[in-house]
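Observations on chain architecture
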Amino acid sequence: MGNTVAREDFEWVYTDQPHADRRKEILAKHPEIKALMKPDYNLVWVVVLMVLAQLTAFYLVKDLDWKWVVFWAYVFGSCISHSMTLAIHEISHNSAFGNSRAMWNRWFGIFANLPIGLPYSISFKRYHMDHHRYLGGDGIDVDIPTNFEGWFFCTRFRKFIWIVLQPFFYAIRPLCINPKPISRLEIINLLAQLAFDVVVYYLLGVKSMFYMLAGSVLGLGLHPISGHFIAEHYMFLKGHETYSYYGPLNLLTFNVGYHNEHHDFPNIPGKSLPLVKKIAAEYYDNLPQYNSWIKVLYDFVMDDTISPYSRMKRKLKGEVKQD
């Protein structure tokens, strides 16, 4: 580590992303995987229970000393909030009610968004579909950091701060890279969230409000689960664009760690991605993989050759269709 000069630009590639071709090859060899392309109705009940858990937590923290509000916001609220963003990720792929009931998924995503405190679900869906269709696409895929992020966050200390500020960068990056007109559903998402936040503040007070918002910000920043942001696509090994994680935190994150499997089969719910890996083991077992998101965070900060520039980027050809 540290013997190679730090990157000064993204890794520009001139080939298509690997996932579409691998999907075709796997389906030709293992057509039984098609049976996994169906909704996960258990997701609905899991999300409802998570919302109820956070509502209970809002009530329980309302009279605690501030130090305990902060403690529980990081220890419990952050885990639930980050997990809920990944439930919304599942819902964005119509995993709750299926493609035939797409709008049911949109409304359910707005419901799941409520205990996060900040409107997120509808906008995430619009940009996340671009991420799958145009992985690494210049000016389209807002999962790719800006040039400023790559240039400025290049030292160990600055990279640490970048990790802490991940929620901020994920919020403003779409406005810088690929701004889109506000949709009717985004306005509904915003109004529903504002109404919920007002009710929480009015009925439970400022400590419950702080717990909700702080848990979301902390959970998406310096937190073990946040290792997935970096683990998924940052190029720790040259030539490898997507990486899977097979550790225990998948239990809290709807198997988002199975990321090669997810990009190969985005219409298969997270619950079934371990089965994809088992069925098509010959395609996944030898790909680079992680077993610790905490180690990913540590290596990202301490390895001087890795930075926000460590991403593959593509100039897109032909017509680009966005949500």
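Everything quoted here is computed from the prediction, not taken from an experiment.

About the criteria used
Residues numbered from 1 in each chain as written. Predicted model: local features only at pLDDT ≥ 70, side-chain atom pairs only at ≥ 80, totals over all residues. Heavy atoms only, no water. UniProt positions renumbered as here; feature names shortened; annotations may be inferred. Helix = DSSP H or I, 4+ residues; strand = E, 2+ residues; numbered from the N terminus. Core = buried A, V, L, I, M, F, W, Y, C linked by side-chain atoms within 4.5 Å. Buried < 20%, exposed > 50% of the residue type's maximum accessible area, 1.4 Å probe, protein only. Contact = heavy atoms within 4.5 Å. Phe/Tyr/Trp six-rings, centres within 6.5 Å; stacked < 30°, edge-to-face > 60°.

This part covers the UniProt feature "transmembrane region" (unreviewed entry) in the protein chain. UniProt's entry tags residues 43-61, 68-87 and 107-124 with the feature "transmembrane region" (unreviewed entry), counted in the numbering of this structure. Annotated as 100% helix and 0% strand, the span residues 43-61 places its first and last C-alpha atoms 27 Å apart. Helix makes up 61% of residues 107-124 and strand makes up 0%, while its end C-alpha atoms are separated by 14 Å.

This part takes up the nonpolar core. Residues Val47, Met84, Trp162, Ile230 and Phe300 are the most contacted members of the largest nonpolar core, which totals 38 residues. Those elements that provide at least two residues to this core are helix 2 (42-61), helix 3 (66-92), helix 4 (102-113), helix 7 (156-164), helix 11 (227-231) and helix 15 (293-302). Among all residues touching methionine 84, those that are not within four sequence positions of it are Val47, Met50, Val51, Ala112, Pro115 and Ile116. Membership of the second largest hydrophobic core comes to 13 residues, among which are Ile26, Tyr258, Phe265 and Tyr283.

For asparagine 94, which is not glycine, the phi dihedral falls at a positive 60°. Relative to the elements of secondary structure, asparagine 94 occurs in the loop between helix 3 and helix 4. Phi is positive for asparagine 255, close to 60°, though the residue is something other than glycine. Residue position: asparagine 255 is located in the loop between strand 2 (244-245) and helix 12 (259-264).

For the rest of this paragraph, the subject is the environment of aspartate 323. Locating aspartate 323 in the fold gives a position in the segment after strand 4 (312-314). In this structure aspartate 323 comes out as partly exposed when scored by relative accessible area, which is 31%. With 167 residues separating them in the primary sequence, aspartate 323 and arginine 156 have C-alpha atoms 37 Å apart. Those residues in contact with aspartate 323 that lie beyond four places of it in its chain are Lys125, Arg126, Met129, Asp130, Arg133 and Lys180.

Mapped onto the secondary structure, valine 217 falls in helix 10 (residues 206-219). Valine 217 sits 183 residues away from lysine 34 along the chain, and the two C-alpha atoms are 37 Å apart.

With that out of the way, let us pick up the packing of aromatic side chains. Within this structure, the stated rule accounts for 24 aromatic pairs. Consider the rings of phenylalanine 148 and phenylalanine 153, whose centres lie 6.2 Å apart with planes at 85°: the pair is edge-to-face. Classification of phenylalanine 148 by relative accessible area gives partly exposed; the value is 45%. Arranged with centres 5.3 Å apart and planes meeting at 80°, the rings of phenylalanine 153 and phenylalanine 169 form a pair that is edge-to-face. One end of the pair, phenylalanine 153, is in the loop between helix 6 (147-152) and helix 7; the other, phenylalanine 169, is in helix 8 (residues 166-177), with 16 residues separating them in the sequence. Put simply, the rings of Phe148, Trp151, Phe152, Phe153, Phe168 and Phe169 touch in pairs and so form one group of aromatic residues.

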